[in-house]
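Here is what each chain is made of, one letter per residue.
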Amino acid sequence: MTSKQNNLKILFSTSEAHPLIKTGGLADVAGALPAALLNLGCDVRVVLPAYGDILKKQPSMEAVAEMYLPGVPGMVTLYATCLGDSPVEVLLVDHPSAFAREGNPYLDGDGEVWPDNAERFALFSKVVQRIALDQAQLDWKPDVVHCNDWQTALVPALLRQQPLAPPSLFTIHNLAYQGLFPQSTFNALSLPAALWSPDALEFHGQLSFIKGGLVFADCINTVSAQYANEIQTPEMGYGLEGLLQFRKNVLSGIVNGIDDSVWNPKTDALICQNYTSRTLSKKKANKTALQKRYKLPVEEDVFMLGFIGRLVEQKGIDLIIEFLKTIENQAMQFCLLGSGDKKFEAALLRLAGENPKQLGVTIGYDEVIAHQIEAGVDAFLMPSRFEPCGLNQLYSLRYGTIPIVHNVGGLADTVIDVTDESIANSTATGFVFDQPTVTSLGEAINRAQKRYRKPRTWHKLVRNGMNMDYSWHKSAQEYLKLYQFLQQEREAQKSIQTIKLLKE
Ligand code: ADP
Ligand code: GLC
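What you see is a predicted model, and the numbers here were worked out from it, not measured in a lab.

What follows covers the site of ligand 2. Close to ligand 2 lie 13 residues, the nearest being H173, N256, E387, C389 and G390. Between ligand 2 and Q314 there is a distance of 3.2 Å, counted from an oxygen atom to a side-chain nitrogen or oxygen. P388 places a main-chain nitrogen or oxygen 3.4 Å from an oxygen atom of ligand 2. Compared with its free state, where it exposes 310 Å², ligand 2 has 92% of that area covered by protein. Looking at the shell around ligand 2, the element that brings in the most residues is helix α1 (residues 25-39), giving three residues. Structurally, the shell around ligand 2 is a two-domain feature, drawing no fewer than three residues from each of domain 1 (9-257 + 473-503) and domain 2 (280-466).

To continue, consider the domain arrangement of the protein chain. Domain boundaries in the protein chain define domain 1 (9-257 + 473-503) and domain 2 (280-466). Measuring from the centre of the C-alpha atoms in domain 1 to the corresponding centre in domain 2 gives 33 Å. Listed by partner, the interface residues are 20 residues for domain 1 and 17 residues for domain 2. Both faces considered, domain 1 and domain 2 share a buried interface measuring about 1400 Å² in area, 58% of it formed by carbon and sulfur atoms. Put simply, domain 1 and domain 2 have zero salt bridges between them. Between the two partners, domain 1 and domain 2, sit eight residue pairs in polar contact (both at pLDDT 80 or more). Sorting the residues of the side of domain 1 that touches domain 2 by element identifies α1 and α8 (225-230) as the ones contributing at least two each. Among the elements that make up the side of domain 1 that touches domain 2, the one with the highest residue count is α8 (four residues). Residue composition of the side of domain 1 that touches domain 2, by class: eight nonpolar, nine polar and three charged.

Here we take up the pattern of salt bridges. Applying the stated criterion to the full structure yields 18 salt bridges. With a closest N to O distance of 2.7 Å, K287 and D378 form a salt bridge. One end of the pair, K287, is in helix α11 (residues 283-293); the other, D378, is in the loop between α14 (367-376) and β16 (379-382), and 91 residues separate them in sequence. Here K287 matches D378 in class, with each residue buried. Put simply, K343 and D341 hold a salt bridge, and the shortest N to O gap is 3.5 Å. Within this structure, R160, D218 and R490 form a network of salt bridges that share partners.

A cis amide bond links H18 to the next residue, P19, at an omega of 5 degrees. The backbone phi angle of Q137 is positive, close to 55 degrees, even though this residue is not glycine. Mapping Q137 onto the fold places it in the loop between α4 (117-132) and β6 (144-148). Look at Q137 and you get exposed, because its relative accessible area is 58%. Residue H204 is not a glycine yet carries a positive backbone phi of 50 degrees. Tracing the backbone through its elements, the reader meets H204 in the loop between β9 (202-203) and β10 (206-208).

What counts and what doesn't
- Counting from 1, residues in each chain are numbered in the order their sequence is written.
- Whichever chain is written first becomes A and whichever ligand is written first becomes 1, with later ones labelled in order.
- Only residues with pLDDT of 70 or above have their local features reported here, since the model is predicted, and side-chain atom pairs are shown and tallied only from 80 upward, although totals for entire chains, interfaces and linings are computed over all residues.
- The side-chain figures draw on all heavy atoms in the structure; neither hydrogens nor water molecules are used.
- Only a single heavy atom is needed: when it lies within 4 Å of a molecule or strand, its residue is near that molecule or strand.
- Counting of polar contacts relies on pairs of N or O atoms within 3.5 Å, with two restrictions inside protein: one atom must be capable of donating a hydrogen and the other of accepting it, and residues adjacent in sequence are counted only when both atoms are side-chain atoms.
- Surface accessibility in these figures is a Shrake-Rupley result with a 1.4 Å probe; residues are shielded only by whichever protein chains are displayed.
- Only DSSP runs of H or I covering at least 4 residues are called helices, and only runs of E covering at least 2 are called strands; the numbering of each starts at the N terminus.
- These domain boundaries are the output of an automatic or database domain assignment.
- Only heavy atoms matter for contacts: two residues are in contact if any of them lie within 4.5 Å across the pair.
- Joining two parts hides part of their accessible area as seen by a 1.4 Å probe, and the buried area is that hidden amount summed over both.
- The salt bridge definition used is simple: a Lys or Arg side-chain nitrogen within 4 Å of an Asp or Glu carboxyl oxygen.
- In this count, Pro and Cys sit with the nonpolar residues alongside Ala, Val, Leu, Ile, Met, Phe, Trp and Tyr, while Asp, Glu, Lys and Arg are called charged and the others, Gly among them, polar.
- Burial classes follow relative accessibility: with a 1.4 Å probe on protein chains only, a residue under 20% of its type's maximum area counts as buried, one over 50% as exposed, and anything between as partly exposed.

Written as structure tokens, this is what we have:
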């Protein structure tokens, strides 16, 4: 089938999507994959809660439907808008008491989870179910419903209760976040009683949203092949490994891609100097600008490391903090952008205060600085304890910034370790280490620094990485194959049912 020949209707349900609302990589995926699917000919619509921050940015929108849900006070309105500059249509689910709050979609101003998150995302999932069943006055019924992470995981469970529902795909972006709530919450959500069972949403006496996707979706995928294997082990399965092994025939891994319209050093308007693998010497200007921004001594040859991300244990930020205590008097600088756990924020600020000539720390969320770090530093640290895919190592590769990564999940699948052999055959793209310890991280940084002192080899690595193809086009084709498989299975089921009815 050539790329434009399919006309599958896909409802893509997500709790965040760049550029409308973003806390992490899910938003990057939901902001880019639908556009890549549109390019393959799919009729794709994204459905997203109408958070306060989105409404503020999009004051004039067309209301396309209104509905009441049983047990939910007040009306739900659907608005139609677009995903930034792309023509992908977005449906925003507006229920002001649930979603019209500013800031992070999941956390209050003190960083605590909103106490009514279960109610908010159950409401959202019920609306997605309505749209999927063509019961939302849109005159549009998807062929496949694609759900992402626990916030939309009730959708496959709700759809399974309906005989004419379309099939669903559930993507696990991070199994560590499961949407666990007490049994009393299950009772309060007016969900079908049959869903309270260990074979459904019950998980050791608690309500587990993510089980809705893991048990009831027709297919499941995660965001790298390695992570798809890891979550079937007790070490990374959080007690769900048995269920995932049971479903392994419909579980696959599809690696994330890079949104070229956002992350491309040739065209990036947020960095001080554009460059390509052919004009690499221009990258230096970004290092100088970053050193100035972070008030670090402007030195061309110093080995500059960077980190961007959520300051949580998953990301191994504690290992970075331990490592930073040892760098005094080395020809090395480090700059960081992130927010999260208050104890990590405080430790990083303290270290930067003690060693301002080598360490620059920005606590917060800032897309401009994120681009400037990717373009400015020489190497990027990702010592994550687990990493379903990871996007920053992909952006680093694209920006000629060498990733230094722990050998897990998507990091293992996308970065090829530097060895004499991989240098010789031009496959080496970064430094991979095996243990999530400060010693192992330190050794990898040491290896990288030695190579950095040999500019010819270093530039070879940089070019290898910049020439890798991590475009969404490839991964979107993998998703398309899954959708087509689901649709064909559903058509086959329908035919069998028709034959049975005719025989009766
Ligand atoms: P995760 O989704 O687990 O947080 P990913 O590597 O998949 O990790 O994606 C994180 C995304 O969020 C990247 O686009 C990264 O640049 C961005 N990001 C994370 N923290 C910040 C921050 N403090 N400021 C700007 N962007 C950030
Ligand atoms: C999650 C994962 C990250 C992944 C992202 C997008 O937040 O932690 O590894 O890249 O989702 O799939």
